[in-house]
Amino acid sequence: MMFRSRNMPIKIITIILSSLIFSLSLALLGRSGTASPADISLITSFSYALVPSFLLYTIFGGMLTPVVDRFIYKRFRHSLKYIIISSILLYLALGLLTNIFLSILSASMFFFASGIFICIAAALLFLIVQTVIGWIFLNMRTNRKAPS
């Protein structure tokens, strides 16, 4: 099993929130780039972006990031500076891996060139949301009072 029991809620919440935020961002960016935004509604754009982003966040975020996180923790647990640097670099690498995967699926090198920024932004969004959710869970756990 890829998840540890205490990290599972963090990953699930991160997948859901990242998918929602990323899909909304894509829908808003897509609407601003069209010639006539009245043709496509925001909800339609959002729903078209939500399914693939949720699937990719589940595959790459839910299944690969626990491995990356475990590697970072075991290797750099005594240095916050190295944890931050290695997290950013490894999540950037996951974004590139996602871009390569999508380029192979679409059989288009054009997607590789144009989608690189989107995939890296998605990976960094996942890292930021996961960090914030993990911080909230940690504060909830440490602020909980013992029963008297």
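Residues numbered from 1 in each chain as written. Predicted model: local features only at pLDDT ≥ 70, side-chain atom pairs only at ≥ 80, totals over all residues. Heavy atoms only, no water.

## Remarks on the packing of aromatic side chains
- Throughout the structure, instances matching the rule amount to five aromatic pairs.
- Ring geometry for Y57 and F126: centres 5.7 Å apart, planes at 20°, overall stacked. One end of the pair, Y57, is in helix 2 (residues 42-76); the other, F126, is in helix 4 (residues 109-143), with 69 residues separating them in the sequence.
- Since its relative accessible area comes to 2%, F126 is described here as buried. (Phe/Tyr/Trp six-rings, centres within 6.5 Å; stacked < 30°, edge-to-face > 60°. Helix = DSSP H or I, 4+ residues; strand = E, 2+ residues; numbered from the N terminus. Buried < 20%, exposed > 50% of the residue type's maximum accessible area, 1.4 Å probe, protein only.)

## Details of the packing of helix 2 against helix 3 (residues 80-106)
- In contact at an axis separation of 10 Å, helix 2 and helix 3 are set at 150° when each is read in the N-to-C sense. Relative to helix 3, the element helix 2 is oriented roughly antiparallel. Two packed elements cross with a definite hand, and for helix 2 against helix 3 that hand is right-handed. Across the interface between the two elements, L56, F60, L64, T65, V68, D69, F71, I72 and F76 of helix 2 pack against Y82, I83, S86, S87, L90, Y91, L94, L97, T98, F101 and L102 of helix 3.
- Here the residues of the contact of helix 2 with helix 3 are counted per class, giving 15 nonpolar, four polar and one charged. (Axes fitted to C-alpha atoms, helices over the stretch in contact; angles between N-to-C directions. Parallel < 35°, antiparallel > 145°, perpendicular 65-115°, else oblique. Left-handed = near helix turned anticlockwise from the far one by under 90°. Contact = heavy atoms within 4.5 Å. Nonpolar A, V, L, I, M, F, W, Y, C, P; charged D, E, K, R; others polar.)

## A word on helix 2
- With 35 residues, helix 2 should reach 51 Å at 1.5 Å per residue; the first-to-last C-alpha distance of 43 Å falls well below that figure.
- Of all the bends in helix 2, the greatest, near 40°, is centred on T65, and the proline P66 appears no more than four residues after it.
- Those residues of helix 2 not exposed but buried are S45, A49, S53, L56, Y57, F60, G61, G62, T65, P66, V68 and I72. (Expected span 1.5 Å × (residues − 1). Bend = angle between axes of the 7 residues up to and from the residue.)

## Observations regarding the side chain of Q130
- Within the secondary structure, Q130 is located in helix 4.
- Overall, the relative accessible area of 10% leaves Q130 in the buried class.
- A polar contact of 2.3 Å, which involves the side chain of Q130, links it to the side chain of K11.
- Ignoring sequence-local partners within four residues, the contact set of Q130 consists of I10, K11, T14, T65, D69 and Y91. (Polar contact = N/O pair within 3.5 Å; in protein donor to acceptor, adjacent residues only side chain to side chain.)

## Examining the nonpolar core
- Membership of the largest hydrophobic core comes to 14 residues, with the highest contact counts inside it found for F22, Y57, V68, Y91, L125 and F126.
- If sequence neighbours within four positions are ignored, F126 has contacts with K11, T14, I15, S18, Y57, G61, T65 and Y91. (Core = buried A, V, L, I, M, F, W, Y, C linked by side-chain atoms within 4.5 Å.)

## Regarding helix 3
- When the terminal C-alpha atoms of helix 3 are compared, their 39 Å separation across 27 residues agrees well with the 39 Å that a helix rising 1.5 Å per residue should span.
- Listing the buried residues of helix 3 in full gives S86, S87, Y91, L94, G95, T98, N99, L102 and S103.
- Phi turns positive, to about 55°, at A107, one or two residues after helix 3.

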